[in-house]
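Okay, here's what each chain looks like letter by letter:
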Amino acid sequence: FGSGYRPVCAVSQADRERLRRGGVSNYLERVSGDPIFDSGRWEIANRDLWEEGKQRARRAVEGDGISGRSGVQRTGIEALAWYVSFHDDQCQWGIYVPLSSLALMDELYLSKLRIGRDRRLHLAWSALLLHEQMHFAVDYACAWLELILRAPIRREFTARFKGSSPPASFAPSEAYLEIEEAAANAHMLRRLARRESRQVMRTIEGFVERQPPGYKEGLRATSDASFAEATAETLRSYFALWAIEHRLDFGNPKTDWLRLLPLDDESASSECPVYVIDDLDKIGVAAGSLRLIQCISGIVETAEFEKQFRRQNADVQSDWSRKKEEIKIRLPSPPRFEKLRDWKPPTWSLRLRAGHRVHLQPPDSVTTVWRAVAIGNHKEMGHG
């Protein structure tokens, strides 16, 4: 049942119908790797919807929750993104991140940071994804123990949790496993702290502090010892019944529970599908205002580009030919591929060998493919 034990649905019934009618490619996109964000055409098309969306998202994230027709409530960070377990849905399992959530998280919790919107959107993406990856890791650990013990560990825990007599560690009104949400937010904070500035981390910590009980306790579980204990308590919650059944010592303090989680195993983590839901229209944001760029499958070389290309030496020409094929699959991370600040029209720089670059312009309302507009060394290209 998704993360913790909230009843959760990856996509609402109405959205499922929309997917079937309109085609998945127009609404739901699978994401691999670390996408690049472009908000160069940001526009609020419906101010009333935008303001309503912000109010609704704030209430949900901070604890009021939102209810669908099935009575499903999402709260905390789960109001913005969620994980669907492969135990429950083997066709549509994975992590789901609506584009609307990235826009709303940026506006509500990140907008005061002195960094550009694209950078803030990437920060929102990272925070949401890291939290949900912890839920996948717990699910993964459950699956291993199920194979070893030949026992339906997660299903049995779900049944007990939903029963009339929930475990003593849960208040009757709880709809999620608090310790798991604390561990998931702690994992997110620990990973972001490795690469983000103290200013950014204070902002993210403020975002966590405003979430409901359980989620906010992640702030106190970021040390190695406290994170290990939060992880152990999460897994013990799932395995307790089977520990008694099989006389297993799951309370042994020497047990390293973190070894059961694929948090540092990129090959295992990459097995979890990640989907982006294109729903910007629901919050009044114009189509194309927020784009995830994963690859560039089509490029047209302008006449000026071809003229400059002929002046390059054979190594640079060969490098561009190779890069064109590589970026059809995946784009390199910044600064090897980055948007140039304040360039009009919007222009991206792709680094080649020996300090050379190619300038690319994304599709606009007229064109349908990217355009290669210039090639040269960093000085010729205006990079100083």
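A brief structural summary. Predicted model only: the values in this text are computed from it and were never measured.

### As for the packing of helix H4 (residues 117-149) against helix H6 (residues 178-193)
In step 1: Close contact between H4 and H6 brings their axes to 8 Å; oriented N to C, the two are set at 130 degrees. Classified by the angle their axes make, H4 and H6 are oblique. Relative to H6, H4 is oriented so that their crossing is right-handed. Across from Leu123, Ser126, Ala127, Leu130, His131, Met134, His135 and Val138 in H4, the residues of H6 making contact are Glu180, Glu181, Ala183, Ala184, Asn185, His187, Met188, Arg191 and Leu192.
In step 2: Looking at side-chain class alone, the contact of H4 with H6 contains nine nonpolar, five polar and three charged residues.

### Some words on the sheet that holds strand S7 (residues 274-277)
In step 1: Strand order in the open sheet made by the four strands is S1-S7-S6-S5, with mixed pairing throughout. Looking at which strands have only one partner, the edges of the open sheet turn out to be strand S1 (28-30) and strand S5 (82-84). Along the sheet, successive strands turn relative to each other by an average axial angle of 30 degrees, direction set aside.
In step 2: Bridge count between S5 and strand S6 (residues 94-98): three bridges; the pairing is antiparallel. Each residue of the ladder has a partner; that of Trp82, found in S6, is Tyr96.
In step 3: Relative to S6, helix H3 (residues 99-110) is tilted by about 60 degrees, and along the sheet it contacts S6 and S7.

### Some points on the nonpolar core
In step 1: Counting 50 residues, the largest nonpolar core has Leu102, Met105, Trp125, Met188, Ile204 and Leu290 as its most contacted members.
In step 2: Put simply, the parts of the chain that give this core at least two residues each are helix H2 (47-61), S6, H3, H4, H6, helix H7 (198-209) and S7.
In step 3: The dominant element in this core, judged by the number of residues it contributes, is H4, at nine residues.
In step 4: Ignoring any residue separated from it by four or fewer positions in sequence, one finds Ile204 in contact with Met105, Leu110, Leu123, Met188, Leu189 and Leu192.
In step 5: Counting residues in each nonpolar core, the second largest holds 25 residues, with Ala137, Ala151, Ile153 and Leu261 among its members.

### Concerning the sheet that holds strand S11 (residues 348-351)
In step 1: With mixed pairing, five strands are arranged side by side in an open sheet as S9-S13-S12-S11-S10. A strand with exactly one partner marks an edge of an open sheet, and here the two such strands are strand S9 (299-301) and strand S10 (337-339). Averaged over all adjacent pairs, the angle separating strand axes in this sheet is 30 degrees, with direction ignored.
In step 2: As judged from the three bridges shared by S9 and strand S13 (residues 370-377), these two strands associate in the parallel manner. Bridge assignment links Val300 to a residue of S13, and that residue is Arg371.
In step 3: On the sheet, helix H10 (residues 303-310) packs against S9, strand S12 (356-361) and S13 and is oriented at approximately 30 degrees with respect to S13.

### Some points on the packing of aromatic side chains
The description of an aromatic ring pair uses the distance of the two centres, along with the angle that the planes make with each other.
In step 1: Across all of its chains, the model carries 16 aromatic pairs by this definition.
In step 2: A ring pair is formed by Phe305 and Phe309, whose centres lie 6.2 Å apart and whose planes are at 15 degrees; its orientation type is stacked. Of this pair, Phe305 and Phe309 are both found in helix H10, four residues apart, which corresponds to roughly one turn of the helix.
In step 3: The class of Phe305 is buried, set by a relative accessible area of 0%.
In step 4: Taken together through their ring pairs, the aromatic side chains of Tyr83, Phe86, Trp93, Phe136, Tyr140 and Trp144 make up a single cluster.

Scoring rules and cut-offs
Residue indices follow the written sequence of each chain, beginning from 1 at its first position. Totals for whole chains, interfaces and linings use every residue, but because this is a predicted model, local features are given only for residues with pLDDT of at least 70 and side-chain atom pairs only at 80 or more, for both listing and counting. Excluding hydrogens and water, the side-chain values take into account all heavy atoms of the structure. Orientation is described by axes fitted as lines to C-alpha atoms, over the contacting stretch for helices, and by angles from 0 to 180 degrees between their N-to-C directions. Only DSSP runs of H or I with at least four residues qualify as helices, and only runs of E with at least two residues qualify as strands; both kinds are numbered from the N terminus onward. Between 65 and 115 degrees an angle is taken as roughly perpendicular, under 35 as roughly parallel, over 145 as roughly antiparallel, and anywhere else as oblique. Here is the rule for handedness: rotate from the far helix to the near one, and if that takes an anticlockwise turn smaller than a right angle the crossing is left-handed, while a clockwise turn gives right-handed. A contact between two residues is defined here by any heavy atoms of the two lying within 4.5 Å. Under the scheme applied, nonpolar residues are Ala, Val, Leu, Ile, Met, Phe, Trp, Tyr, Cys and Pro; charged residues are Asp, Glu, Lys and Arg; polar residues are all the others, including Gly. At least two DSSP bridges between two strands are required for those strands to pair. Here, nonpolar core means buried Ala, Val, Leu, Ile, Met, Phe, Trp, Tyr and Cys residues that are tied together by side-chain atoms lying within 4.5 Å of each other. Classification of residues uses two cut-offs on accessible area relative to the type maximum, computed with a 1.4 Å probe and protein chains only: under 20% is buried, over 50% is exposed, and between them is partly exposed. The aromatic pairing rule takes the rings of Phe, Tyr and Trp, using the six-membered ring of Trp, and pairs them if the centres are within 6.5 Å, calling planes under 30 degrees apart stacked, those over 60 edge-to-face and the rest tilted.

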